[in-house]
Amino acid sequence: MIVPDRGRRGRPLDVGTDSIWDDNCEYDSLLDKDCRCDFDGKGGTIAQLKPIMSTLMCKIGGEAVVEHDPDARPYIVCRSGSAGIQKYAQTWCGDNFTSWKTLRYNIPIITGMGLSGQPNEGADIGGFHGPAPDEELFVRWVQNGVFQPRFSIHSASNDNTVTEPWMYRGSASIIRDAILLRYRMTPYLYSAEYEASQTGAPIMRPLVFEFQNDPNVYDESFEFLYGRDILVANVIEPGAKTRQVYLPAGCKWYDWNNNFACHEGGRTIEVPVDMTTIPMFIREGAIIPMADNQLMSMANDHTTDLHLILAPGKDSAYTLYDDDGVTNDFKKGVCRKTRITMTGADVVRVAFAAAGSCADFVQRVMVEMIRKDRSPFWVALGEEKLEHFLNRRKFEAAEKGWYYSQTKKAVLVKYPNPRKDIVLTVSFEDFDLIGM
């Protein structure tokens, strides 16, 4: 535990530490459960108070950071906690063992914690103790871990090895690609963190959280939703060549890895996989913000090129959230909340309404709107009709305009950030050949 030092310099807080890792805080070595505690004058026994000691440790640590520097935003990680720990810290699944079984069952542990009120959970990627993970297991663990709110490759292997992203040269590029995907999805993850702070909604969600009317998902433990709109079915078996995926009923699903191939919900499909594959499916009605510029640091980099994946078909709304990520100014309203509302079918309208005083770092916007059956008739940003490009290279060279990808059956729309509330309209109406 780090506390403010009022007498001497050189303590961690004095040199800029605002992150605290609380560990071994279950106090299992306290054998005398009848030992009396003061508990701020209220009194109690160790047996009564032991469950909340970890939570109090995190609470006090956060208070110490802010007392030392009111502008610092504490970041605390803790191995355990009682109800309420989600207010103070991320937690993790304990000292897990290196095995395929652990990789598999860490998923329901994390989604179960989400249902229990702790949306910020993760596992030690690759296993904490036991032997070093073999190459295939490590790749699959990283591919799963990039969706965990707490992503940490951390080990104390009992074979004297250290688990690192570059430990297998042959798979280093696959692992790097997975980690870079996590960073490109920072706008989506950070917005999910904001939603969790406001509503308690998990970030890794069991399917039953969103699809309570589909009994087929009641016992599904190894697929999950990343936020509201992305279904993830990681490969969690050695030597797999295919992955069976159940797609919940009530909406269409689009295959992230196969040019947005469309599948009706309520059935199980089988998709081919190799070592690079992370099976992911986009929910109908999805609004997914990503960064087209490759972020390398969530603390220091900003999204300058916003990429929105949209799957119209069901009306939906989404709050894209941002703040400086470092200070407590967000408590004073220094943040940015962009409400994105998508409505319509033949004519799809995407309305953007922003609030808050945080700087808007986005310079360019790319919208990728899935529409499998037809190209748009016209596209407008506000009152301005955007130019339609039939040549992909000319579209890529242009500052703004739209292009229909026959490969993905999706509309690409690009434009400079208008820095005002605006409506993007994409018309899929039939046009009059005779009148034309």
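Located above this text is the structure these notes cover.
Cut-off values and rules
- Residues numbered from 1 in each chain as written.
- Predicted model: local features only at pLDDT ≥ 70, side-chain atom pairs only at ≥ 80, totals over all residues.
- Heavy atoms only, no water.
- Helix = DSSP H or I, 4+ residues; strand = E, 2+ residues; numbered from the N terminus.
- Rg over C-alpha atoms; globule rule 2.2 N^0.38 Å.
- Buried < 20%, exposed > 50% of the residue type's maximum accessible area, 1.4 Å probe, protein only.
- Contact = heavy atoms within 4.5 Å.
- Areas by Shrake-Rupley, 256 points an atom, 1.4 Å probe, with all protein chains shown as cover.
- Lys, Arg positive; Asp, Glu negative; His and termini not counted.
- Charge placed at Lys NZ, Arg CZ, Asp CG, Glu CD.
- Axes fitted to C-alpha atoms, helices over the stretch in contact; angles between N-to-C directions.
- Parallel < 35°, antiparallel > 145°, perpendicular 65-115°, else oblique.
- Nonpolar A, V, L, I, M, F, W, Y, C, P; charged D, E, K, R; others polar.
- Phe/Tyr/Trp six-rings, centres within 6.5 Å; stacked < 30°, edge-to-face > 60°.
- Pairing = 2+ DSSP bridges.
- Expected span 1.5 Å × (residues − 1).
- Polar contact = N/O pair within 3.5 Å; in protein donor to acceptor, adjacent residues only side chain to side chain.
- Salt bridge = Lys/Arg side-chain N within 4 Å of Asp/Glu carboxyl O.
- Core = buried A, V, L, I, M, F, W, Y, C linked by side-chain atoms within 4.5 Å.

**A short note on the overall build of the protein chain**
So, step 1. The helix and strand tally for the protein chain stands at seven helices and 25 strands.
So, step 2. The C-alpha radius of gyration computed for the protein chain amounts to 24 Å, which stays within 12% of the reference 22 Å derived for 436 residues, consistent with globular compactness.
So, step 3. For the C-alpha atoms alone, the extent of the protein chain along its principal axes is close to 90 × 50 × 45 Å.
So, step 4. Across the 436 residues in the protein chain, those meeting the buried criterion constitute 49%.
So, step 5. Considering only residue pairs separated by 6 or more positions, the protein chain has 65% of its internal contacts joining residues 24 or more positions apart.
So, step 6. Total accessible area computed for the protein chain in this model is approximately 21000 Å², and 51% of it derives from carbon and sulfur atoms.
So, step 7. Positive and negative side-chain charges of the protein chain, numbering 48 and 59 respectively, have mean locations separated by a distance of 3 Å.

**Comments concerning the packing of helix α2 (residues 100-115) against helix α3 (residues 135-145)**
So, step 1. At a closest axis distance of 10 Å, the pairing of α2 and α3 adopts a crossing angle of 10 degrees. Classified by the angle between their axes, α2 and α3 sit roughly parallel to one another. Counted together, Trp100, Thr102, Leu103, Asn106 and Ile107 of α2 and Glu136, Leu137, Arg140, Trp141 and Asn144 of α3 form the full contact between these two elements.
So, step 2. For the contact of α2 with α3, a count of residues per class yields five nonpolar, three polar and two charged.

**A few points about unusual backbone geometry**
So, step 1. If you check the backbone angles, asparagine 259 has positive phi at about 50 degrees while not being a glycine.
So, step 2. Tracing the backbone through its elements, the reader meets asparagine 259 in the loop between β11 (252-255) and β12 (261-264).
So, step 3. One non-glycine residue with positive phi stands out, namely phenylalanine 260, at about 60 degrees.
So, step 4. Considering the arrangement of structural elements, one finds phenylalanine 260 in the loop between β11 and β12.

**Quick word on the packing of aromatic side chains**
Aromatic ring pairs: the centre-centre distance and the angle between the two ring planes describe each pair.
So, step 1. A complete count under the given rule lists 11 aromatic pairs for this structure.
So, step 2. Feature note: the residues Phe147, Tyr188, Phe224, Tyr226 and Tyr318 constitute an aromatic cluster, connected by ring pairs.

**What to know about the sheet that holds strand β23 (residues 401-405)**
So, step 1. Reading across from one edge, β15-β16-β20-β24-β23 is the order of the five strands in this open sheet, with mixed pairing throughout. With one partner strand each, in any of the chains shown, β15 (287-291) and β23 form the two edges of the open sheet. If you compare each strand with its neighbour and ignore which way they point, the axes differ by 20 degrees on average.
So, step 2. Bridge analysis of strand β16 (residues 305-310) against strand β20 (residues 364-370) gives six bridges, and the strand direction is parallel. Bridge pairing in β20 links histidine 307 to methionine 366.

**Digging into helix α4 (residues 172-184)**
Counting along an α-helix, one turn takes 3.6 residues, and residues three or four places apart therefore face a common direction.
So, step 1. Between its terminal C-alpha atoms α4 stretches 18 Å, which fits the 18 Å expected from 13 residues at 1.5 Å a residue.
So, step 2. For α4, the set of buried residues is Ile174, Ile175, Ala178, Ile179, Leu180, Leu181 and Arg182.
So, step 3. Buried positions along α4 lie against α3, α5 (186-199), β14 (280-283) and β15.

**Describing the side chain of asparagine 120**
So, step 1. Relative to the helices and strands, asparagine 120 is located in the loop between α2 and β6 (121-122).
So, step 2. Among the polar contacts listed, one links the side chain of asparagine 120 to the side chain of glutamine 90, at a separation of 2.9 Å.
So, step 3. A distance of 2.9 Å separates a polar atom in the side chain of asparagine 120 from a polar atom in the side chain of glutamate 193.

**Quick word on the pattern of salt bridges**
Should their charged atoms come close, side chains of opposite charge can pair.
So, step 1. Across all of its chains, the model carries 21 salt bridges by this definition.
So, step 2. Here arginine 73 ties to aspartate 323 by a salt bridge, and the two come within 3.3 Å at their closest N and O atoms. Placement of arginine 73 in the loop between α1 (46-68) and β4 (75-78) and of aspartate 323 in the loop between β17 (316-322) and β18 (336-343) is noted, with a sequence separation of 250 residues between them.
So, step 3. By relative accessible area, aspartate 323 is classed as buried at 6%.
So, step 4. The residue glutamate 195 makes a salt bridge to arginine 205 at a minimum N-O spacing of 2.9 Å. With glutamate 195 in helix α5 and arginine 205 in strand β7 (residues 204-205), this pair connects stretches of sequence that are 10 residues apart.
So, step 5. For arginine 205, a relative accessible area of 2% translates into the label buried.

**As for the sheet that holds β7**
So, step 1. Here we have six strands laid out as an open sheet, ordered β7-β8-β9-β14-β11-β12, and antiparallel in their pairing. Whereas interior strands pair on both sides, the edge strands pair on one side only; in this sheet they are β7 and β12.
So, step 2. Inspection of the sheet shows β11 paired to β12 by four bridges, in the antiparallel sense. Within β12, the position partnered with lysine 252 by the bridge is glutamate 264.

**Some thoughts on the nonpolar core**
So, step 1. Among the nonpolar cores identified, the biggest contains 72 residues, and Tyr226, Ile282 and Ile288 are the most heavily contacted of them.
So, step 2. For isoleucine 288, the residues in contact, after removing those within four places along its chain, are Met185, Tyr188, Asp229, Ile230, Trp256, Ile282, His307, Leu308 and Ile309.
So, step 3. In terms of nonpolar packing, the next biggest core, distinct from the first, is built from 17 residues, Leu207, Val245, Tyr246 and Phe281 among them.

**Side note on the pairing of strand β25 (residues 422-427)**
So, step 1. Counting buried residues in β25 gives five out of six residues, a clear majority hidden from the surface.
So, step 2. Here six bridges tie strand β19 (residues 347-355) to β25, and the two strands are oriented antiparallel to one another. From the neighbouring strand, valine 347 faces β25, where its bridge partner is serine 427.
So, step 3. Pairing of strand β21 (residues 378-381) with β25 involves four bridges; the strand directions are antiparallel. If you follow alanine 380 over to β25, its bridge partner there is threonine 425.

**Brief notes about the side chain of arginine 283**
So, step 1. Mapped onto the elements of the fold, arginine 283 is located in strand β14.
So, step 2. On the basis of relative accessible area, arginine 283 is assigned to the buried category, the value being 14%.
So, step 3. The residues contacting arginine 283, other than those within four sequence positions of it, are Glu210, Phe211, Arg228, Asp229, Cys251, Lys252, Trp253 and Ala311.

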